[in-house]
Amino acid sequence: MNINITSLVRKNILKMKKYASARDEFTGKAKVFLDANENAFGSPSGQELNRYPDPLQKQLRDKIADYKGLSSPEHLFLGNGSDEAIDLILRAFCEPRIDSLMLLLPTYGMYSVSANVNDIKILNVELNKDFSLNVNEIISVAKKEQPKVIFICSPNNPSANVYAKEDIEKILNSVNCLVMIDEAYIDFATTSSWIERLDEFKNLIVIQTFSKAWGMAGVRLGMAFADPEIINVLNKIKYPYNINDVTSNIVLKTLQDPSIKDELVTKIKIERTFLMNAFKDISIVKEVIPSEANFFLARFKDPDAVYRFLTEEGIIVRNRSNQLHCEGCLRVTVGTREENIMLCEALQKYSEKE
Ligand SMILES: Cc1ncc(COP(=O)(O)O)c(C=O)c1O
């Protein structure tokens, strides 16, 4: 599919001038910076935080691009969490009250929140009962309604499954809108990332995050990978200093030894197997749904009562029983061995009461 990205961008965004931050207008080597109304004396934090960060995060983007094997950092956008990237994609491409986007239900709740904030019409297409993609329906609705973006979450939250590559490929080849694949949980999956296919599909945007496998939800760093034309639009409309120096420095340091992340992923996958197996032996658990993420769905006869009981025991899981195809389901994040045992013991205690 030959897609013209410029034709998808909102007209006001195409026309507008980007905010020129203090250092944007200057190239070369300077000795004295008296241009940005910063505090030249330093900061009471005792750390060097008195200067604004680099708006385009050159050092950090180079490092991440290198780690991810991108052909160039021009394919990478960094956001204040991937939630920022998701929101900016809508703001860049979807005209409020006119354009639409497509969601595949059930899925991550922030997509519809962002759509609602931006007043963008949502086209809901249901997943099949086994949580696979209803490819024909997706393509047919896309052709009829012409959404600007299709949001595909793979591994999906809350169902924890990965969609078949052939299905996604068929969608990418059949629609003339953007296709955003949210890979927040890709490190826990058995399939490879769609980042590898960026050069084939101009309409593909892949989202990833430091919040899950990297264990850095607190620093708020999300990534969007796409054609440089799309990345330029996102960089044009973001807040000038959206990635702060504290985050940048910690992530740069972490990337010096990324193998620690791989060790964490291995640990979580071992715990996932442990917890899912343990669930199968608990009588009130009716079904444990397979997972390619760091969480899974488990089905109960009375999920609300189990949820309440766990809360009283001081254990919080996510009640997803009101979501499509998730009847009876609680979503459980894999914890440490100690936490997982506490959860299983609490569920056993509840079972014995029944
Ligand atoms: C599918 C999915 N995408 C994105 C996010 C948000 O990630 P971030 O912390 O990078 O904003 C989440 C958080 O739970 C998620 O489940």
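Note that the coordinates shown come from a computational prediction; the quantities given were computed from them, not determined experimentally.

### Regarding the packing of helix α4 (residues 82–93) against helix α5 (residues 110–117)
In contact at an axis separation of 10 Å, α4 and α5 are set at 40° when each is read in the N-to-C sense. It follows that α4 is oblique to α5 by the angle criterion. Note that α4 runs across α5; the crossing there is right-handed. Each of Asp83, Ile86, Asp87 and Leu90 in α4 lies in contact with α5, whose residues at this interface are Met110, Tyr111, Ser114 and Ala115.

### Here we look at helix α11 (residues 303–312)
Inspection of α11 places Pro303, Val306 and Leu310 among the buried residues, and these make up the whole buried set. Burial along α11 is one-sided: seen end-on, the buried residues are contained in an arc of 65°. Opposite the packed face of α11, turned more than 90 degrees from it, sit the exposed residues Thr311 and Glu312.

### Brief notes about the domain arrangement of the protein chain
By domain assignment, the protein chain separates into domain 1 (5–24 + 56–254) and domain 2 (260–353). Computed over C-alpha atoms only, the centres of domain 1 and domain 2 are separated by 29 Å.

### Describing the site of the ligand
In the vicinity of the ligand, the residues found are Gly81, Ser82, Asp83, Tyr108, Cys153, Asn157, Asp182, Ala184, Thr209, Ser211, Ala217 and Gly222. Residue composition of the shell around the ligand, grouped by class: four nonpolar, six polar and two charged.

### A short note on the pairing of strand β1 (residues 76–79)
Side chains Leu76 and Leu78 project from β1 onto one buried face, and the interleaved Phe77 and Gly79 project onto a second face that is buried too. Bridge analysis of β1 against strand β7 (residues 222–225) gives four bridges, and the strand direction is antiparallel. Pairing of Phe77 across the sheet is with Ala224, part of β7.

### Observations regarding the pairing of β7
Alternating residues of β7 divide into Gly222 and Ala224 and Met223 and Phe225, and every residue in both groups is buried. As defined by bridge partners, strand β6 (residues 204–209) adjoins β7 across four bridges and the pair is classed as antiparallel. Bridge pairing links Ile207 to Ala224 in β7.

### Concerning the sheet that holds strand β4 (residues 149–153)
With mixed pairing, seven strands are arranged side by side in an open sheet as β1-β7-β6-β5-β4-β2-β3. The open sheet has two edge strands, β1 and β3 (121–126), and neither has a second partner. Going across the sheet, the axis of each strand differs from the next one's by a mean of 25°, ignoring polarity. With five bridges joining them, β4 and strand β5 (residues 178–182) adopt parallel strand pairing. Paired with Val149 across the two strands is Leu178, which belongs to β5. Against the sheet, helix α3 (residues 58–68) touches β1 and β7, its axis set at about 120° to β1.

Quick notes on the rules
- Residues numbered from 1 in each chain as written.
- Predicted model: local features only at pLDDT ≥ 70, side-chain atom pairs only at ≥ 80, totals over all residues.
- Axes fitted to C-alpha atoms, helices over the stretch in contact; angles between N-to-C directions.
- Helix = DSSP H or I, 4+ residues; strand = E, 2+ residues; numbered from the N terminus.
- Parallel < 35°, antiparallel > 145°, perpendicular 65-115°, else oblique.
- Left-handed = near helix turned anticlockwise from the far one by under 90°.
- Contact = placed C-beta atoms within 7 Å.
- Buried ≥ 20, exposed ≤ 12 C-beta atoms within 10 Å, placed from the backbone.
- Arc of directions from axis to C-beta.
- Domains from an automatic or database assignment.
- Near = placed C-beta within 6 Å.
- Nonpolar A, V, L, I, M, F, W, Y, C, P; charged D, E, K, R; others polar.
- Pairing = 2+ DSSP bridges.

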